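The lines below spell out each chain.
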Amino acid sequence: MNVIKRLVTAPRHKVRLLGHRNMSMAATDSFKTILYSKVGRVAHIVLNRPDRLNAINFDVPLELQLAVQAANADNDVRVILLYGKGKAFCSGYDLKLFAQGDRGVTPGSQTMPWCPHKDYSIMHPCTEAFMSLWRSLKPVVCKIHGYAVAGGSDIALCADIIYMADDALIGYPPARVWGCPTTAMWVYRVGAEKAKRLLLTGDLIDGQEAARIGLVCKSVPAAELDSETDWLISRMASVPNGCS
């Protein structure tokens, strides 16, 4: 059974408990879409579908949640660094999987009339998985290059701190067709009016504009993104946590 089906069909209390299970680093070796590693006191969580611009497939939500859990269970980890492999952070849900088939057959789709309750039941477990970043006991720093659009912006905006390349783009184009983002972090970060400006149009903005309006913490030239982020996480990782 694929991961999204497991999330959707699992009892609600079991979905919540995923964030509290013990998850060893060795267990992360079986991940298909996430690379998990530890460098010093920093846990690296890397979206690993570069051939699809790290688009979200059936496995990404749960593997991401379990990677966060593994970092939280490791007393040596002080900070989590989240980023994407290849040319982009994340291009959103993989439309080849979720939008190109027939209604009612394609995963996550419905026959008409459309039912909002059914849609919520399908999307809620994925949203809970992404929100594990926000609820993480260890701070999460996200660095964005290329694109963080649609569901990719859902993931990125759940981080505590975001550094973004000047030329990277972030936004939620599906708002023009499928409604507002499921994590609702836009309002939390920029307030109601600016969130409405972006989500009622689906426009993309670059890193400089995202930093100007407070959507992300900092925007830097693409060539400096890694070094700027590394400096920040090294400062954060040097803070003792009282456990070791």
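Everything numeric in this text was worked out from a predicted model, so none of it was measured.

A. The environment of Arg212, seen in detail. Within the secondary structure, Arg212 is located in helix H9 (residues 207-212). Among the polar contacts made by the side chain of Arg212, one reaches the side chain of Glu209 at a distance of 2.8 Å.

B. Inspection of the pairing of strand E1 (residues 34-39) at higher detail. One ladder, built from 6 bridges, connects E1 with strand E2 (residues 42-47); its direction is antiparallel. From the neighbouring strand, Ser37 faces E2, where its bridge partner is His44. The turn joining E1 and E2, which pair antiparallel and follow one another in sequence, is formed by 2 residues; a positive phi near 65° is taken by Gly40.

C. Quick look at the sheet that holds strand E5 (residues 147-149). Taken together, 3 strands build an open sheet; the order of strands is E5-E7-E8 and the sheet is mixed. The sheet is open, and its two borders are formed by E5 and strand E8 (204-206), each paired with just one other strand. Neighbour-to-neighbour, the strand axes of this sheet turn through a mean angle of 20°, independent of strand direction. Sheet topology places E5 next to strand E7 (residues 169-171); 3 bridges connect them, and they run parallel.

D. Structural context of the sheet that holds strand E3 (residues 79-84). Pairing is mixed in the open sheet, where 6 strands are placed in the order E1-E2-E3-E4-E6-E9. In this open sheet, the two edge strands, each paired with only one partner strand, are E1 and strand E9 (218-220). With direction set aside, neighbouring strand axes in the sheet form an average angle of 20°.

Calculation notes
Residues numbered from 1 in each chain as written. Predicted model: local features only at pLDDT ≥ 70, side-chain atom pairs only at ≥ 80, totals over all residues. Heavy atoms only, no water. Helix = DSSP H or I, 4+ residues; strand = E, 2+ residues; numbered from the N terminus. Polar contact = N/O pair within 3.5 Å; in protein donor to acceptor, adjacent residues only side chain to side chain. Pairing = 2+ DSSP bridges. Axes fitted to C-alpha atoms, helices over the stretch in contact; angles between N-to-C directions.

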